[in-house]
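# Per-entry structural report
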Amino acid sequence: MEWTKFVDHPRTIIHIDIDCFYAQVELLKQPNLASKPVGIKQKNIVVTSNYEARKYGIKKCELVSEALKKCPELILLSGEDLHDYRQASNQIHSFFLSYSSKVEKLGLDENYLDVTDLVRDRERMNNEKDEINGHVIGEYSNKCACGCHERLSIGSQIAFEIRTKLKNDLGFTCCAGVSYNKLLAKLTGSVHKPNQQTTLLPNGTAQFMINLNLVDRIPGIGTKTKHLLGTIDVRTVKDLQDIEFTKLKKLTGPEAALNLKNLSQGVDNAPVKPSSKPLTIGLEDGFRKISLESDVKEKFRILLLRLMTLVEEDGRIPMTVKVTVRKHDNERRISQKETKQSPVPTCLFGQPVGKLSEESANKLLNIIMGLFHRIVNISKPFHLTLLGLAFTKFQEKNGNRSIASFLLRKRDLSVQSLTSFVSNESIAEPVDPNIPCCSKSESESEAEPSPKKTKLDVVIKKRKFSEDDADMCSPSKLKVGELSLNGDSELPKECPGNVDPDVFRELPHDVQQELIRDWKLTYVKPKTQNSKQSLILNYCVATNK
Ligand code: DCP
Ligand code: MG
Ligand code: MG
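Being a predicted model, the structure only gives us computed values, none of them experimental.

## Quick look at helix α8 (residues 202-211)
Among the residues of α8, P202, G204, T205, F208 and M209 are the ones counted as buried. Projected onto a plane normal to the axis of α8, the buried residues spread over an arc of 135° and lie on a single side. The secondary structure elements touched by the buried residues of α8 are β8 (135-137), α6 (148-170), α7 (182-189), β10 (197-200), α10 (237-242) and α12 (254-264). Of the residues one or two after α8, N213 is the one with positive phi, at around 75°.

So, in C-alpha cells, the structure goes:
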C-alpha cells in the first residue's frame, strides 16, 4: 500500500457550527441579556459563554470560580437541562435538510452539508458570481484544472444564503467552512469566528495544514496517536507530511499510516453520511466516590428517569439496557470501565413510549442492579467514579422488529457525559490524567470524551493490542444476537439466549416471563425454519413454562 496525492476535487462540502450554541439558545429566550457577558453553567463548570463574555478571556469548560475572577459581572445561566438544546439542534438539522439530503449531524451544533448537486445545478444555470463570499484561503486566480474554484465559489454563495436564512428563520448565527472534503471544511470553518465564513481552495491546503502546527489539531488524531508519533519525532503536521511512508508504516501499520499521510495533506474521502437516529441513547454521571449499594441504586434511579425523557423524545421502544461502571482501584491507582447489557421486556414501556409506571421503573431497576452486581462484587469494598446507563437496541413503535436490528453494530453512540445532574456529591471533575485508565470490558463501553480518542487511535490500539496486550481481553461474553447465529454456543438452561444467566436468575418471575416472551417473539421463526437456532429457542421456551 503506497500513499499518493489526490488531484481532483469534485465535491463541495460545507461545515456549519453554531456560535456559542447553548448561550444562543438561552439568549433567544432572554434577548435582553444579549449584550451582556453570559456563561452557561453545568455544575461548577462554565461549558460555554457568549462572545461578550469571551472578550474577558473566558474559555469553554472553565471553572465557574476562574470565570468569575476574569469577569465578576458574568451572568451565569444553568445549562443542566439539555432539552432545549436538543430541540434547537434538531430544528437546525431539519433546516439544513431543505438545502441538501446529504446532511450529517456531528454533535449538537455541527452539521456537514454535501452541496455538490446543488452546486452542479447552479453551475448549469450559469448565473452565479465568479467570486468567493467571505474569507478565502488559497489563491483564487491560480485556478485548479478540475474546475473546483468555480464550484467552491458557488458553495460559498450557498453557505452565505444558508447562514442568512438560518439567522432569519431560527435566530442563530453560525460559522461556515467551505471546501472539497469534510476534514478541510471543518478546519476551515473555525478560522474566522464568530458569524463568519471561510473557503479553502486546494492550492492553499498544504500550507493551511502546516499552519495547524501540532498533529493533534487535526480531527482524527487523538492523544494516543499523538504520543505514538512522538516516539519517531513526528510532532507537527509538517513532520507528518515529511516523514517517509515506510517509516510511518513500520510504526502504525499500513492502514493507519495511509490515513495519517492523507490527513497531513488534508485528504479525506469520507462521504457526508445522512444522519439517522442513534443506535444508543445513554447518560453517564461521574463523581469522586460511591461505595454504597444504596447510593448506586439511587444514582441509577435518577439516571433512568433522565434517560426516559430522552427515550420519550426519540419515540422508539428500547430493547436492551447497558450498564457502565468505572471502578477505581486505590492500590493500583487505576480506573477501569466495564459494561454489561441485558434485554429488557418491551412491554415495560407504556404508551407514549418513555412514560414508565412505578412498577415498570422498579422492574427495570432490578435488571440494572442485576447487571451492576455482575460487574461489582458488593461483598467487598468498592470505589466507583462513574455510572452510566444506556439503551442500545430499539424497536420502532409499529412493532416491526427483526433479528437484523439486534445485530446492528454501534454506529452513533449518543452518550452524554453528565456534568448536568443536580446532585450534591457529583463533581464534574476531569479524570485525573495521572491515573492510567483501562477498560477491560467491551470496546463499545468507551463513551467518555477524555482523553481524546479517535478512530485512528483505535486502529492503532487494536494493532498494538493484538501484538502485546492479549491478556487484557475481557472474559468472553454472551453478546446479544451472537447465540442466534452461532448455534454451537452452549445455552444456559432456563434462560433466554440473549440474557446473561446470572442477571436472569436475579429477576422477578414476571420479568423473566416477559423476557422469555420477547425472546420468543424476536427469535422464534415460523416452523419452516429448520435451524439449530429455532431448536434452541423452543427448548428455552418449553423449560420456562
Ligand atoms: N459543550 C459542552 N461541553 C464541552 C464542549 C461543548 O457541553 N466540552 C456544549 C456547549 C456548547 C455546545 O456544546 O455550546 C457546542 O460546542 P462548541 O464546541 O461548538 O462550542 P460553542 O458552540 O459554545 O462555541 P463556538 O462559538 O466556539 O462554536
Ligand atoms: Mg459551536
Ligand atoms: Mg460545535
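Next comes the rest of the account.
## Here we look at the site of ligand 1
Ligand 1 sits among 14 residues. The nearest are T48, Y51, K60, D109 and K193. Here K193 contributes a side-chain N or O atom positioned 2.7 Å from an oxygen atom of ligand 1. Against a free-state accessible area of 540 Å², the protein chains account for coverage of 77% of ligand 1. Going through the elements one at a time, β1 (13-18), α1 (21-29), β3 (45-49) and α2 (51-54) are the ones with two or more residues in the shell around ligand 1. For the shell around ligand 1, the class distribution of residues is seven nonpolar, one polar and six charged.

## Considering the pattern of salt bridges
One pass over the structure, following the stated rule, counts 24 salt bridges. R124 is the partner of D121 in a salt bridge, and the nearest nitrogen-oxygen pair spans 3.5 Å. Residue D121 and its partner R124 are both found in helix α5 (residues 116-125); the two are separated by three residues, about one turn of the helix. Assessed through its relative accessible area of 62%, R124 is described here as exposed. One salt bridge connects D285 with K299, and the closest N-O pair in it is separated by 3.4 Å. Linking D285 in strand β11 (residues 280-290) with K299 in helix α13 (residues 293-314), this pair joins segments that are 14 residues apart in sequence. Pair check on accessibility: D285 and K299 agree, each one buried.

## Some points on the coordination of the magnesium ion (ligand 2)
For the magnesium ion (ligand 2), the protein coordination sphere consists of D17 (OD), I18 (O) and D109 (OD), at 2.0 to 2.2 Å. Taken together, the six donor atoms coordinating the magnesium ion (ligand 2) and their angles of 83 to 174° define a geometry best described as octahedral. Within one chain, the residues donating to the magnesium ion (ligand 2) are spaced in sequence as D-I-x90-D. In this structure the magnesium ion (ligand 3) is found 3.5 Å away from the magnesium ion (ligand 2), and D17 serves as a bridging donor for the pair. Of the two residues, D17 is situated in strand β1 and D109 in the loop between β6 (103-106) and β7 (110-114); the sequence distance between them amounts to 92 residues. We classify D17 as partly exposed; its relative accessible area is 21%. Classification of D109 as buried rests on a relative accessible area of 14%.

## Observations regarding the sheet that holds strand β5 (residues 75-78)
Overall, mixed pairing links the four strands, which are arranged β4-β3-β2-β5 in an open sheet. Of all strands in the sheet, those with a lone pairing partner are β4 (62-63) and β5, marking the two edges. As defined by bridge partners, strand β2 (residues 38-42) adjoins β3 across four bridges and the pair is classed as antiparallel. Counterpart to G39 in the pairing with β3 is S49.

## Some words on the pairing of β11
In terms of burial, β11 is largely enclosed, as nine of its eleven residues are buried. Here β11 pairs with strand β14 (residues 384-395) via seven bridges, running antiparallel. By the bridge assignment, I281 is partnered in β14 with F391.

## Digging into the nonpolar core
Membership of the largest hydrophobic core comes to 68 residues, with the highest contact counts inside it found for I14, F21, F96, L113, I162 and L240. Examining the composition of this core, we find that seven residues originate from one element, α6, more than from any other. Setting aside its immediate chain neighbours within four residues, F21 contacts Y85, A88, S89, I92, L108, D109 and F172.

Conventions and cut-offs
- Residues numbered from 1 in each chain as written.
- Chains lettered and ligands numbered in written order.
- Predicted model: local features only at pLDDT ≥ 70, side-chain atom pairs only at ≥ 80, totals over all residues.
- Heavy atoms only, no water.
- Buried < 20%, exposed > 50% of the residue type's maximum accessible area, 1.4 Å probe, protein only.
- Helix = DSSP H or I, 4+ residues; strand = E, 2+ residues; numbered from the N terminus.
- Arc of directions from axis to C-beta.
- Contact = heavy atoms within 4.5 Å.
- Near = heavy atom within 4 Å.
- Polar contact = N/O pair within 3.5 Å; in protein donor to acceptor, adjacent residues only side chain to side chain.
- Areas by Shrake-Rupley, 256 points an atom, 1.4 Å probe, with all protein chains shown as cover.
- Nonpolar A, V, L, I, M, F, W, Y, C, P; charged D, E, K, R; others polar.
- Salt bridge = Lys/Arg side-chain N within 4 Å of Asp/Glu carboxyl O.
- Donors = N, O, S within 2.8 Å, 3.2 Å for Na, K, Ca; no water.
- Tetrahedral: all angles 85-135°; square planar, octahedral: opposite > 155°, others 65-115°.
- Pairing = 2+ DSSP bridges.
- Core = buried A, V, L, I, M, F, W, Y, C linked by side-chain atoms within 4.5 Å.

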